[in-house]
Amino acid sequence: FILAIGMAVGSLMVALSAAFMGQDGRALVALGVSGGLSWYSFKALPRTLACSNFYMFLISVAYLDLSGPLAYFYTGRHGCIQDAPHFSYSYYLAVS
């Protein structure tokens, strides 16, 4: 139960830092809250559950979504990108 309260307080801290702090402050708060919650999850949860929770956290942090930039690359006009395939947008939506 304490871990759930910590998650709620941590999310509130991250939201308030996003509203009232600069980029460095937001990063420090996010790192502090993430580190603290990860540490406390190893204290409060069984080791197997804490390890799987930490693994899912690391996977979600490391995920890199390139669908937006690739869409601009595939559908870019001749004057915009030289070596792009220059698909029409309707063709790109039909194939992808």
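It should be noted that the structure appears before, not after, this text.
Residues numbered from 1 in each chain as written. Predicted model: local features only at pLDDT ≥ 70, side-chain atom pairs only at ≥ 80, totals over all residues. Heavy atoms only, no water.

Asks: I'm lost on the overall build of the chain in this one. Help?
Replies: Counting its regular elements, the chain contains 5 helices and 0 strands. Listing the helices and strands of the chain from first to last along the sequence gives α-α-α-α-α. In terms of C-alpha radius of gyration, the chain reaches 21 Å, well past the compact-globule figure of 12 Å for 96 residues. Within the span of the chain, comprising 96 residues, buried residues form 16% of the whole. Long-range pairs, those at least 24 residues apart, make up 19% of the contacts in the chain between residues at least 6 apart in sequence. Here the chain has roughly 7600 Å² of accessible surface; of this, 69% comes from carbon and sulfur atoms. (Helix = DSSP H or I, 4+ residues; strand = E, 2+ residues; numbered from the N terminus. Rg over C-alpha atoms; globule rule 2.2 N^0.38 Å. Buried < 20%, exposed > 50% of the residue type's maximum accessible area, 1.4 Å probe, protein only. Contact = heavy atoms within 4.5 Å. Areas by Shrake-Rupley, 256 points an atom, 1.4 Å probe, with all protein chains shown as cover.)

Asks: Got a minute to help me understand the packing of aromatic side chains in this structure?
Replies: The geometry of an aromatic ring pair is captured by the separation of the ring centres together with the interplanar angle, meaning the angle of the planes. In this structure the tally under the stated criterion is 8 aromatic pairs. Each member of the aromatic cluster is reached from another via a ring pair, and the members are Phe73, Tyr74, Phe87, Tyr89, Tyr91 and Tyr92. (Phe/Tyr/Trp six-rings, centres within 6.5 Å; stacked < 30°, edge-to-face > 60°.)

Asks: Explain the environment of Phe1 here, please?
Replies: Tracing the sequence through the fold places Phe1 in the segment before helix H1 (2–20). Judged by relative accessible area, which is 80%, Phe1 ranks as exposed. Put simply, Phe1 and Ala44 are 43 residues apart on the chain and 9.2 Å apart in space, counted from C-alpha to C-alpha.

Asks: Whenever I open this one, a nonpolar patch on the surface confuses me. Can you help?
Replies: A surface patch of nonpolar side chains, about 410 Å² in accessible area, is lined by Phe42, Phe54, Phe57, Leu58 and Val61. In terms of residues, the nonpolar patch owes the most to one element, helix H3 (residues 47–62), which gives 4 residues. Mapped onto the secondary structure, Val61 falls in helix H3. (Patch = residues over 30% accessible without salt bridge, like charges linked within 9 Å, V, L, I, M, F, W, Y side chains within 5 Å. Salt bridge = Lys/Arg side-chain N within 4 Å of Asp/Glu carboxyl O.)

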